[in-house]
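Understanding the architecture of this molecule
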Amino acid sequence: ETGVTQTPRHLVMGMTNKKSLKCEQHLGHNAMYWYKQSAKKPLELMFVYNFKEQTENNSVPSRFSPECPNSSHLFLHLHTLQPEDSALYLCASMLEASAGSGNTIYFGEGSWLTVV
Amino acid sequence: AQTVTQSQPEMSVQEAETVTLSCTYDTSESDYYLFWYKQPPSRQMILVIRQEAYKQQNATENRFSVNFQKAAKSFSLKISDSQLGDAAMYFCAYRSTNFGNEKLTFGTGTRLTIIP
(Lines give C-alpha, C1' and ligand atoms only; values in the text may rest on other atoms or scores of the structure.)
Protein backbone atom coordinates (compact mmCIF):
# COMPACT_ATOMS: atom_id res chain seq x y z
CA GLU A 1 0.00 0.00 0.00
CA THR A 2 1.69 3.19 -1.17
CA GLY A 3 -1.15 5.60 -0.50
CA VAL A 4 -2.05 6.09 -4.17
CA THR A 5 -5.28 4.34 -5.07
CA GLN A 6 -6.61 3.89 -8.59
CA THR A 7 -10.08 2.77 -9.64
CA PRO A 8 -11.21 0.84 -11.48
CA ARG A 9 -8.36 -1.63 -11.72
CA HIS A 10 -9.77 -3.04 -14.96
CA LEU A 11 -11.99 -1.37 -17.53
CA VAL A 12 -13.32 -2.59 -20.85
CA MET A 13 -15.03 0.01 -22.98
CA GLY A 14 -16.34 0.39 -26.49
CA MET A 15 -15.03 3.07 -28.80
CA THR A 16 -18.19 5.13 -28.40
CA ASN A 17 -18.34 4.91 -24.61
CA LYS A 18 -17.48 7.57 -22.06
CA LYS A 19 -15.73 6.43 -18.91
CA SER A 20 -13.40 7.83 -16.28
CA LEU A 21 -10.38 6.64 -14.35
CA LYS A 22 -9.95 7.88 -10.81
CA CYS A 23 -6.85 8.40 -8.72
CA GLU A 24 -6.71 9.35 -5.08
CA GLN A 25 -3.64 9.93 -2.97
CA HIS A 26 -3.56 9.93 0.82
CA LEU A 27 0.01 11.18 1.18
CA GLY A 28 -0.50 14.93 1.37
CA HIS A 29 1.22 15.40 -1.98
CA ASN A 30 0.58 18.37 -4.25
CA ALA A 31 1.76 17.07 -7.61
CA MET A 32 -0.04 14.35 -9.53
CA TYR A 33 0.72 12.61 -12.80
CA TRP A 34 -0.85 10.35 -15.40
CA TYR A 35 1.42 7.90 -17.22
CA LYS A 36 0.54 5.47 -20.00
CA GLN A 37 2.28 2.10 -20.15
CA SER A 38 1.98 0.13 -23.39
CA ALA A 39 3.65 -3.14 -24.24
CA LYS A 40 7.29 -2.83 -25.31
CA LYS A 41 7.34 0.96 -24.92
CA PRO A 42 8.71 3.20 -22.16
CA LEU A 43 6.24 4.72 -19.78
CA GLU A 44 4.85 7.84 -21.38
CA LEU A 45 4.04 10.89 -19.32
CA MET A 46 0.61 12.25 -20.21
CA PHE A 47 -0.27 15.02 -17.79
CA VAL A 48 1.19 16.80 -14.76
CA TYR A 49 -0.75 18.76 -12.19
CA ASN A 50 0.80 20.95 -9.51
CA PHE A 51 -1.49 22.37 -6.85
CA LYS A 52 -4.51 21.47 -9.02
CA GLU A 53 -3.15 23.36 -12.03
CA GLN A 54 -2.14 21.51 -15.17
CA THR A 55 1.52 22.22 -15.83
CA GLU A 56 2.19 19.75 -18.60
CA ASN A 57 0.24 18.13 -21.40
CA ASN A 58 2.54 15.86 -23.34
CA SER A 59 0.73 16.22 -26.68
CA VAL A 60 -2.04 13.93 -25.53
CA PRO A 61 -5.05 13.55 -27.88
CA SER A 62 -8.16 15.40 -26.77
CA ARG A 63 -10.06 12.13 -26.33
CA PHE A 64 -8.20 12.01 -23.00
CA SER A 65 -9.40 14.75 -20.67
CA PRO A 66 -7.84 15.14 -17.22
CA GLU A 67 -9.46 16.78 -14.24
CA CYS A 68 -7.90 17.68 -10.90
CA PRO A 69 -10.54 19.06 -8.51
CA ASN A 70 -8.11 19.15 -5.59
CA SER A 71 -4.60 18.07 -4.71
CA SER A 72 -5.77 14.63 -3.58
CA HIS A 73 -7.81 13.58 -6.60
CA LEU A 74 -7.04 13.19 -10.27
CA PHE A 75 -9.35 11.92 -12.97
CA LEU A 76 -8.83 10.88 -16.56
CA HIS A 77 -12.01 11.17 -18.60
CA LEU A 78 -12.11 8.93 -21.65
CA HIS A 79 -14.31 9.30 -24.72
CA THR A 80 -14.28 7.93 -28.27
CA LEU A 81 -11.09 6.01 -27.64
CA GLN A 82 -9.31 3.82 -30.17
CA PRO A 83 -8.12 0.22 -29.73
CA GLU A 84 -4.51 1.45 -29.67
CA ASP A 85 -5.35 3.35 -26.48
CA SER A 86 -5.56 0.01 -24.67
CA ALA A 87 -2.84 0.13 -22.03
CA LEU A 88 -2.08 0.34 -18.33
CA TYR A 89 -2.68 3.85 -17.03
CA LEU A 90 -0.62 4.71 -13.99
CA CYS A 91 -1.27 7.55 -11.61
CA ALA A 92 1.52 8.96 -9.47
CA SER A 93 2.02 11.70 -6.92
CA MET A 94 4.81 13.60 -5.26
CA LEU A 95 5.35 16.30 -2.65
CA GLU A 96 6.85 19.23 -4.48
CA ALA A 97 8.42 20.93 -1.50
CA SER A 98 11.02 22.99 -3.22
CA ALA A 99 13.19 23.20 -6.26
CA GLY A 100 15.22 20.07 -6.67
CA SER A 101 13.95 18.64 -3.41
CA GLY A 102 14.51 15.14 -4.68
CA ASN A 103 11.26 13.86 -3.33
CA THR A 104 10.14 10.46 -4.48
CA ILE A 105 7.31 9.91 -6.92
CA TYR A 106 4.86 7.26 -5.71
CA PHE A 107 2.73 5.21 -8.06
CA GLY A 108 -0.66 3.58 -7.86
CA GLU A 109 -1.29 0.03 -9.05
CA GLY A 110 -2.66 1.19 -12.38
CA SER A 111 -5.88 0.82 -14.32
CA TRP A 112 -5.91 -1.71 -17.14
CA LEU A 113 -7.89 -0.27 -20.03
CA THR A 114 -9.10 -2.34 -22.96
CA VAL A 115 -10.84 -0.58 -25.84
CA VAL A 116 -12.94 -2.86 -28.02
CA ALA B 1 15.47 16.21 -23.86
CA GLN B 2 16.70 13.43 -21.66
CA THR B 3 16.67 9.81 -22.75
CA VAL B 4 17.14 6.60 -20.80
CA THR B 5 18.31 3.36 -22.42
CA GLN B 6 18.11 -0.14 -21.02
CA SER B 7 19.78 -2.48 -23.46
CA GLN B 8 18.81 -5.75 -21.77
CA PRO B 9 15.16 -6.61 -22.41
CA GLU B 10 15.48 -9.78 -20.33
CA MET B 11 17.86 -11.15 -17.73
CA SER B 12 17.86 -14.26 -15.60
CA VAL B 13 19.80 -15.28 -12.54
CA GLN B 14 20.01 -18.26 -10.24
CA GLU B 15 18.51 -17.79 -6.82
CA ALA B 16 21.10 -16.50 -4.32
CA GLU B 17 23.41 -15.30 -7.11
CA THR B 18 24.20 -11.72 -8.13
CA VAL B 19 22.91 -9.95 -11.22
CA THR B 20 23.60 -6.54 -12.71
CA LEU B 21 21.11 -4.59 -14.80
CA SER B 22 22.43 -1.90 -17.12
CA CYS B 23 21.17 1.60 -17.75
CA THR B 24 22.60 4.53 -19.67
CA TYR B 25 21.14 7.99 -20.06
CA ASP B 26 21.71 11.14 -21.98
CA THR B 27 21.41 14.62 -20.53
CA SER B 28 23.01 18.02 -20.74
CA GLU B 29 22.21 18.79 -17.10
CA SER B 30 24.85 18.57 -14.42
CA ASP B 31 22.55 17.83 -11.52
CA TYR B 32 19.71 15.33 -11.58
CA TYR B 33 18.32 12.22 -9.92
CA LEU B 34 18.39 8.63 -11.08
CA PHE B 35 16.08 5.88 -9.91
CA TRP B 36 15.47 2.20 -10.25
CA TYR B 37 11.85 1.12 -10.01
CA LYS B 38 10.57 -2.43 -9.76
CA GLN B 39 7.26 -3.48 -11.29
CA PRO B 40 6.11 -6.94 -10.14
CA PRO B 41 3.15 -8.75 -11.74
CA SER B 42 0.82 -6.66 -9.58
CA ARG B 43 1.94 -3.73 -11.81
CA GLN B 44 2.62 -1.34 -8.96
CA MET B 45 5.80 0.63 -9.53
CA ILE B 46 7.92 0.37 -6.42
CA LEU B 47 11.01 2.47 -5.79
CA VAL B 48 14.08 0.30 -5.30
CA ILE B 49 16.87 2.83 -5.02
CA ARG B 50 17.74 6.43 -5.91
CA GLN B 51 20.94 8.32 -6.61
CA GLU B 52 21.64 12.04 -6.54
CA ALA B 53 24.02 12.99 -9.32
CA TYR B 54 26.02 15.36 -7.09
CA LYS B 55 26.90 12.49 -4.78
CA GLN B 56 29.94 10.46 -5.75
CA GLN B 57 29.12 7.66 -3.36
CA ASN B 58 27.04 4.89 -4.85
CA ALA B 59 23.66 4.36 -3.22
CA THR B 60 22.95 1.12 -1.38
CA GLU B 61 19.71 -0.34 -0.04
CA ASN B 62 20.19 -3.73 1.59
CA ARG B 63 20.80 -6.21 -1.26
CA PHE B 64 20.49 -3.51 -3.92
CA SER B 65 23.33 -1.23 -4.93
CA VAL B 66 24.18 0.93 -7.90
CA ASN B 67 27.29 1.67 -9.89
CA PHE B 68 26.94 5.30 -10.87
CA GLN B 69 29.44 6.51 -13.46
CA LYS B 70 28.57 10.14 -14.13
CA ALA B 71 31.11 10.76 -16.86
CA ALA B 72 30.00 7.68 -18.73
CA LYS B 73 26.32 8.44 -17.96
CA SER B 74 25.88 4.93 -16.71
CA PHE B 75 23.71 3.78 -13.80
CA SER B 76 23.65 0.01 -13.28
CA LEU B 77 21.76 -1.87 -10.58
CA LYS B 78 23.33 -4.81 -8.75
CA ILE B 79 21.10 -7.25 -6.93
CA SER B 80 22.96 -9.52 -4.53
CA ASP B 81 21.67 -12.80 -3.10
CA SER B 82 18.78 -12.82 -5.57
CA GLN B 83 15.45 -13.98 -4.21
CA LEU B 84 12.34 -15.30 -5.92
CA GLY B 85 10.52 -12.13 -4.91
CA ASP B 86 12.94 -10.07 -6.98
CA ALA B 87 11.37 -11.35 -10.18
CA ALA B 88 9.86 -8.31 -11.90
CA MET B 89 10.34 -5.68 -14.55
CA TYR B 90 12.99 -3.18 -13.56
CA PHE B 91 12.89 0.35 -14.89
CA CYS B 92 15.65 2.91 -14.80
CA ALA B 93 14.41 6.50 -14.59
CA TYR B 94 15.82 10.01 -14.78
CA ARG B 95 14.51 13.16 -13.17
CA SER B 96 15.64 16.73 -13.52
CA THR B 97 16.28 18.96 -10.50
CA ASN B 98 14.71 21.92 -12.29
CA PHE B 99 11.67 23.09 -10.39
CA GLY B 100 8.52 22.37 -12.33
CA ASN B 101 10.22 19.68 -14.38
CA GLU B 102 10.19 16.85 -11.90
CA LYS B 103 8.66 14.30 -14.21
CA LEU B 104 10.32 10.90 -14.57
CA THR B 105 11.75 9.73 -17.88
CA PHE B 106 11.84 5.94 -18.05
CA GLY B 107 13.78 3.34 -19.97
CA THR B 108 12.03 0.42 -21.67
CA GLY B 109 12.67 -1.92 -18.78
CA THR B 110 14.45 -5.21 -18.10
CA ARG B 111 12.47 -8.31 -17.22
CA LEU B 112 14.32 -10.21 -14.49
CA THR B 113 13.64 -13.91 -13.99
CA ILE B 114 14.89 -15.72 -10.90
CA ILE B 115 15.72 -19.40 -11.45
CA PRO B 116 15.09 -21.52 -8.36
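See the structure printed just above.
If you're wondering where the values come from, they're calculated on a predicted model, not measured in any experiment.

**Points about the overall build of chain B**
From N to C terminus, chain B includes zero helices and twelve strands. Along chain B, helices (α) and strands (β) appear in the sequence β-β-β-β-β-β-β-β-β-β-β-β when read from the amino end. At 14 Å, chain B has a C-alpha radius of gyration in line with the 13 Å of a compact globule built from 116 residues. Projected onto the principal axes, the alpha-carbon positions of chain B cover approximately 45 × 30 × 20 Å. In chain B, which comprises 116 residues, the proportion classed as buried is 48%. If you take every contact in chain B between residues at least 6 apart in sequence, the share linking residues at least 24 apart comes to 54%. Accessible surface computed for chain B: about 5,500 Å², of which carbon and sulfur atoms make up 46%.

**Some details on the environment of S20 of chain A**
Residue and element names in this part refer to chain A. The residue S20 is located in strand β3 (residues 18-25) in this model. Counting along the chain gives 59 residues from S20 to H79, while the straight-line C-alpha distance between them is 8.6 Å. Leave out the neighbours within four places in its chain, and S20 touches P8, L76 and H77. In this structure the side chain of S20 is engaged in a polar contact, spanning 2.6 Å, whose partner is the side chain of H77.

**Quick word on the interface of chain A and chain B**
Each partner contributes to the interface: chain A provides 25 residues, whereas chain B provides 19 residues. Here chain A meets chain B over a buried area of about 2,000 Å², counting both sides, of which 55% is carbon and sulfur. Between chain A and chain B we count zero salt bridges in total. Between the two partners, chain A and chain B, sit five residue pairs in polar contact (both at pLDDT 80 or more). Counting residues per element, the ones that place at least two in the side of chain A that touches chain B are β4 (31-37) and β9 (87-94) of chain A. Of the residues assigned to the side of chain A that touches chain B, the class counts are twelve nonpolar, nine polar and four charged.

**Some points on the side chain of Q39 of chain B**
Counting through the fold element by element, Q39 of chain B comes out in strand β5 (residues 32-39). When its relative accessible area of 3% is taken as the criterion, Q39 of chain B is described as buried. Reaching out from Q39 of chain B, the side chain makes a polar contact with the backbone oxygen of R43 of chain B at a distance of 3.0 Å. Those residues within four positions of Q39 of chain B in sequence are excluded, and the remaining contacts are Q37, L88 and L90 of chain A together with Q44, M45, A88, M89 and F91 of chain B.

**Here's the deal with the sheet that holds β3 of chain A**
As a general point, the strands of a sheet are linked pairwise by backbone hydrogen bonds and lie either parallel or antiparallel. All names here are of chain A. Overall, antiparallel pairing links the four strands, which are arranged β1-β3-β8-β7 in an open sheet. Across the chains shown, the open sheet's two edge strands, defined by having one partner strand only, are β1 (4-7) and β7 (64-70). Looking at each pair of strands side by side, their axes are set apart by 20° on average, direction ignored. Two strands pair when backbone bridges link them, and β1 and β3 are joined in this way by four bridges, in the antiparallel orientation. Note on β3: the bridge partner recorded for Q6 is C23.

**Points about the environment of Q82 of chain A**
Residue and element names in this part refer to chain A. Structurally, Q82 can be placed in the loop between β8 (73-79) and β9. A relative accessible area of 30% means that Q82 is categorised as partly exposed. Taking the C-alpha atoms as reference points, Q82 and R63, 19 residues apart in sequence, are found 9.2 Å from one another. Not counting chain neighbours up to four residues away, the residues in contact with Q82 comprise M15, R63 and V115.

Conventions adopted
Residues numbered from 1 in each chain as written. Chains lettered and ligands numbered in written order. Predicted model: local features only at pLDDT ≥ 70, side-chain atom pairs only at ≥ 80, totals over all residues. Heavy atoms only, no water. Helix = DSSP H or I, 4+ residues; strand = E, 2+ residues; numbered from the N terminus. Rg over C-alpha atoms; globule rule 2.2 N^0.38 Å. Buried < 20%, exposed > 50% of the residue type's maximum accessible area, 1.4 Å probe, protein only. Contact = heavy atoms within 4.5 Å. Areas by Shrake-Rupley, 256 points an atom, 1.4 Å probe, with all protein chains shown as cover. Polar contact = N/O pair within 3.5 Å; in protein donor to acceptor, adjacent residues only side chain to side chain. Buried area = accessible area lost by both parts, 1.4 Å probe. Salt bridge = Lys/Arg side-chain N within 4 Å of Asp/Glu carboxyl O. Nonpolar A, V, L, I, M, F, W, Y, C, P; charged D, E, K, R; others polar. Pairing = 2+ DSSP bridges. Axes fitted to C-alpha atoms, helices over the stretch in contact; angles between N-to-C directions.

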